[in-house]
Amino acid sequence: MSDGKQEKVIVIDFGGQYNQLIARRVRECHVYSEVYPNTIPMDEIRAMNPKGIIFTGGPNSAYLPESPSITKEVFELGIPILGICYGAQVIAHLLGGKVDTAPTSEYGRTEVKVDQSSALFKNVGEGDDGDTIVWMSHTDYIAEAPEGFRVTASSSVCPVAGMEDVSRRFYATQFHPEVNHTVEGQKVIENFVYDVCGCKGDWKMSSFAEDTIREMKSRIGDGKVLCALSGGVDSSVAAVLLSRAVGKQLTCVFVDHGLLRKNEGDEVEAVFGPDGPYDLNFVRVNAADRFYEKLSGVSEPEKKRKIIGEEFIRVFEEEAKKIGAVDYLVQGTIYPDVIESGLGESATIKSHHNVGGLPDHVDFKEIVEPLRLLFKDEVRAVGRELGIPEYLVSRQPFPGPGLGIRIIGEVSEEKVRIVQDADYIYREEIAKAIDRWREGKIDGSGDISDRKDKNPIWLPDQYFAAITNMRSVGVMGDGRTYDYAIALRAVNTSDFMTADATHIPWEILDIVTNRIVNEVKGVNRVLYDCTSKPPGTIELE
């Protein structure tokens, strides 16, 4: 994706939870960006010739010898550097400033004053005082800025919320400009990328499909290719890319592991099977019993992911043997999968079945992941470029492990049925509610003019039902019940790196709740998850 000639800003990971989001924000400036571990050799950085470097946050204390750090050589490369949170403290510590435990920790939305004369804070902040709202998350703080730096931002309890050494083009913020909660955070990123680093912003997605198809043709040659097709956005785009590149050399295997949404297996086959619009060698493997057996007695979410990931590969290996020697396995892995599964010093948020869940040995020459460096919205853009229908491109994300991670605790056939039925009702009622909203039939919906091409502000970007491992007493038909609780989840997000719980109108949730309790056997209680990401994740496990 990066040919070494285009502008590039690299992100150095110190274990922060927002590292991938920083890269995403840089890409929104039309500048290519990737995340690398803090142990990256300086020769590799020199070879990339980046226009700028960004240090991420992290959970450690910069002044402790065992904490993640970086060689001081990075400051001799002559490349602009922006340190964020822990990354700011690393700059301060390595260059002779003082980092210490803060007298008062800061977490959440915080008002800071910024110096608008700083290149980093150009057009940031209200009024002459440069007041703006940012997102803080730190226990340590910069007690003294290093020699040569001047303070450019502060809060009521954080004297160095921003600092800069203009002569060496080093900048730092104690807050997180990359998250949406920092009101003018994208301006800060843009100021660094354009004004400090001097980027032109000429990176575009428009040539990605063409370049990738050409690269895949060269890489695969006359080899046989097996594609892991789930029917979701990522694997669908990967399948169409490879189909354009190698044609009938590609076989797409769809594993119905019994953990799909209601009717989803048949829907996938209708699109990609012999009667669908794509000229693919399509094989459907019905393997529900096999997966249920492997998952029997397993409750720990990471173990479930590993089991599902390994079993996927084993099924593909078996199918490959049926069609003869297969050289390449194609997967729809995307960048958040890679980073959330652990990169450098980063904590593993969760192992994705197609990354951290892969077994150590697979019977293929090579695994091909054409979307590995793309974020979800970028994958959708590629799908549109390829002419994939909008109803597929805009499909809600569905995790590779499927309902296995929307079932808290042990997976069973009964729990799968319950969550499938509850989720089906939830999605059906959201669709009906959108129609009612467009007709002005939902209370408080305001002006209803010209609604046919619009969506309500409460429409989630992702929503689903999950089954908890909690059973509670209820009363139905004058009798006692002891049944499961369903958790409804709905979030709004632009990039799936951060998310806010959606404020779905109560009248809609009321309908969904009544239908689930009355129609889904084994459920007597419905809960609504109000947690944002972070601290939660979008999925429950």
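Residues numbered from 1 in each chain as written. Predicted model: local features only at pLDDT ≥ 70, side-chain atom pairs only at ≥ 80, totals over all residues. Heavy atoms only, no water.

Caption draft 1: Spotlight on empty space enclosed by the protein. According to the stated counting rule, one finds two cavities of 30 Å³ or more in the structure shown. Volume-wise, the second largest cavity comes out at about 30 Å³. Considering the residues around the second largest cavity, the lining is formed by Val114, Phe121, Val124, Thr132, Val134, Phe175, Thr182, Glu184 and Val188. (1 Å grid on protein atoms, 1.4 Å probe; cavity = no way out; pocket = protein on both sides within 12 Å on 5 of 7 lines; lining within 4 Å. Points joined across faces, edges and corners; volume = space filled by probe spheres on them.)

Caption draft 2: Quick peek at the packing of aromatic side chains. Throughout the structure, instances matching the rule amount to nine aromatic pairs. Here the aromatic rings of Phe14 and Tyr86 are separated by 5.8 Å at their centres, their planes lie at 55°, and the arrangement is tilted. Here the residue Phe14 occupies a position in the loop between β1 (8-13) and α1 (19-28), and Tyr86 occupies one in helix α3 (residues 86-94), the gap between them amounting to 72 residues. On the basis of relative accessibility, which here comes to 0%, the residue Phe14 falls in the buried class. Aromatic rings pair up to connect Phe14, Phe55, Phe75, Tyr86 and Phe170 into one cluster. One Lys or Arg, Lys262, reaches over the ring of Tyr424 and ends 5.1 Å from the middle of that ring. One residue, Arg471, lies across the ring of Tyr484, its end atom 4.8 Å from the ring centre. (Phe/Tyr/Trp six-rings, centres within 6.5 Å; stacked < 30°, edge-to-face > 60°. Helix = DSSP H or I, 4+ residues; strand = E, 2+ residues; numbered from the N terminus. Buried < 20%, exposed > 50% of the residue type's maximum accessible area, 1.4 Å probe, protein only. Lys NZ or Arg CZ within 6 Å of the ring centre and 35° of its normal.)

Caption draft 3: Local environment of the pairing of strand β11 (residues 250-256). The buried count for β11 comes to seven of seven residues, which makes it a mostly enclosed element. Neither face of β11 is open: one carries Leu250, Cys252, Phe254 and Asp256, the other Thr251, Val253 and Val255, and all of them are buried. Across four bridges, strand β10 (residues 225-228) lies against β11 in parallel orientation. Within β11, the residue paired with Ala228 across the bridge is Val253. You can see the chain leave β10, run along helix α6 (residues 233-246) and come back into β11, and the turn it takes is right-handed. Taken together, the six bridges between β11 and strand β12 (residues 281-286) define a ladder with parallel strand orientation. Bridged to Val253 within β12 is Val283. Handedness of the crossover joining β11 and β12 through helix α7 (residues 264-272) is recorded here as right-handed. (Pairing = 2+ DSSP bridges. Right-handed = clockwise from strand over helix to strand, strands pointing away.)

Caption draft 4: View of the sheet that holds β10. Here we have five strands laid out as an open sheet, ordered β12-β11-β10-β13-β14, and parallel in their pairing. What marks the edges here is a single partner per strand, and that holds for β12 and β14 (366-368). Adjacent strand axes in the sheet meet at a mean angle of 25° when their direction is disregarded. In the packing of helix α9 (residues 301-322) onto the sheet, the strands contacted are β10, β11, β12 and β13 (328-330), and the crossing angle to β11 comes to about 135°. (Axes fitted to C-alpha atoms, helices over the stretch in contact; angles between N-to-C directions. Contact = heavy atoms within 4.5 Å.)

Caption draft 5: Highlighting the nonpolar core. Residues Leu241, Ile486 and Ile516 are the most contacted members of the largest nonpolar core, which totals 94 residues. Counting 39 residues, the second largest nonpolar core, distinct from the first, contains Ile84, Ala153, Val188 and Ile189. (Core = buried A, V, L, I, M, F, W, Y, C linked by side-chain atoms within 4.5 Å.)

Caption draft 6: Highlighting the sheet that holds strand β7 (residues 150-154). Spatially, nine strands are ordered β2-β1-β3-β4-β9-β8-β7-β5-β6 in an open sheet, and the strand pairing comes out mixed. Edge positions in the open sheet fall to β2 (32-37) and β6 (131-144), since each of these has one partner strand only. In this sheet, neighbouring strand axes are inclined to one another by 20° on average, regardless of whether the strands run parallel or antiparallel. Lying over the sheet, α1 contacts β1, β2, β3 (52-55) and β4 (81-84), oriented at roughly 160° with respect to β2. Along the sheet, α3 makes contact with β3, β4, β5 (98-114), β6, β8 (162-165) and β9 (170-173), crossing β4 at roughly 120°.

Caption draft 7: Representation of the environment of Thr139 in the model. Along the chain, Thr139 turns up in strand β6. In this structure the C-alpha to C-alpha distance between Thr139 and Glu106, which are 33 residues apart in sequence, comes to 6.8 Å. For Thr139, the contacting residues outside a window of four places in its chain are Thr101, Ala102, Ser105 and Tyr107. Looking at Thr139, its side chain comes within polar contact range of the side chain of Tyr107, at 2.4 Å. (Polar contact = N/O pair within 3.5 Å; in protein donor to acceptor, adjacent residues only side chain to side chain.)

Caption draft 8: Local environment of helix α5 (residues 208-220). Here α5 contains 13 residues, and its C-alpha end-to-end distance of 18 Å stays within 8% of the 18 Å for a straight helix at 1.5 Å per residue. Buried residues in α5 make contact with β10, α6, β13, β14 and α11 (376-385). In the segment just after α5, Gly221 is the residue with positive phi, at about 60°. (Expected span 1.5 Å × (residues − 1).)

Caption draft 9: Layout of the confidence of the model for the protein chain. With 92% of its residues at a pLDDT of 70 or more, the protein chain shows a mean pLDDT of 87. Note that residues 342-361 has pLDDT below 50 and, in this model, 68 contacts with residues that lie over four places away or in other chains. Note that residues 444-452 has pLDDT below 50 and, in this model, twelve contacts with residues that lie over four places away or in other chains. (pLDDT = per-residue confidence, 0-100.)

Caption draft 10: Molecular detail of the side chain of Thr132. Here Thr132 shows up in strand β6. On the basis of relative accessible area, Thr132 is assigned to the buried category, the value being 7%. Ignoring anything within four residues of it in the chain, the contact list for Thr132 reads Thr110, Glu111, Val112, Val114, Val124, Gly125 and Glu184.

Caption draft 11: How the structure looks around the pattern of salt bridges. Summed over the entire model, instances satisfying the criterion amount to 36 salt bridges. Between Asp131 and Lys113 there is a salt bridge; the shortest N-O distance is 2.8 Å. In this pair, Asp131 sits in strand β6 while Lys113 sits in strand β5, placing the two residues 18 residues apart along the sequence. For Asp131, a relative accessible area of 23% corresponds to the partly exposed category. The shortest N-O distance in the salt bridge between Asp256 and Arg284 comes to 3.0 Å. Taken as a pair, Asp256 in strand β11 and Arg284 in strand β12 lie far apart in primary sequence, 28 residues in all. Asp256 gets classed as buried once you look at its relative accessible area, which sits at 14%. Each of Glu428, Glu429, Lys432, Arg515 and Glu519 takes part in a single network of salt bridges with overlapping partners. (Salt bridge = Lys/Arg side-chain N within 4 Å of Asp/Glu carboxyl O.)

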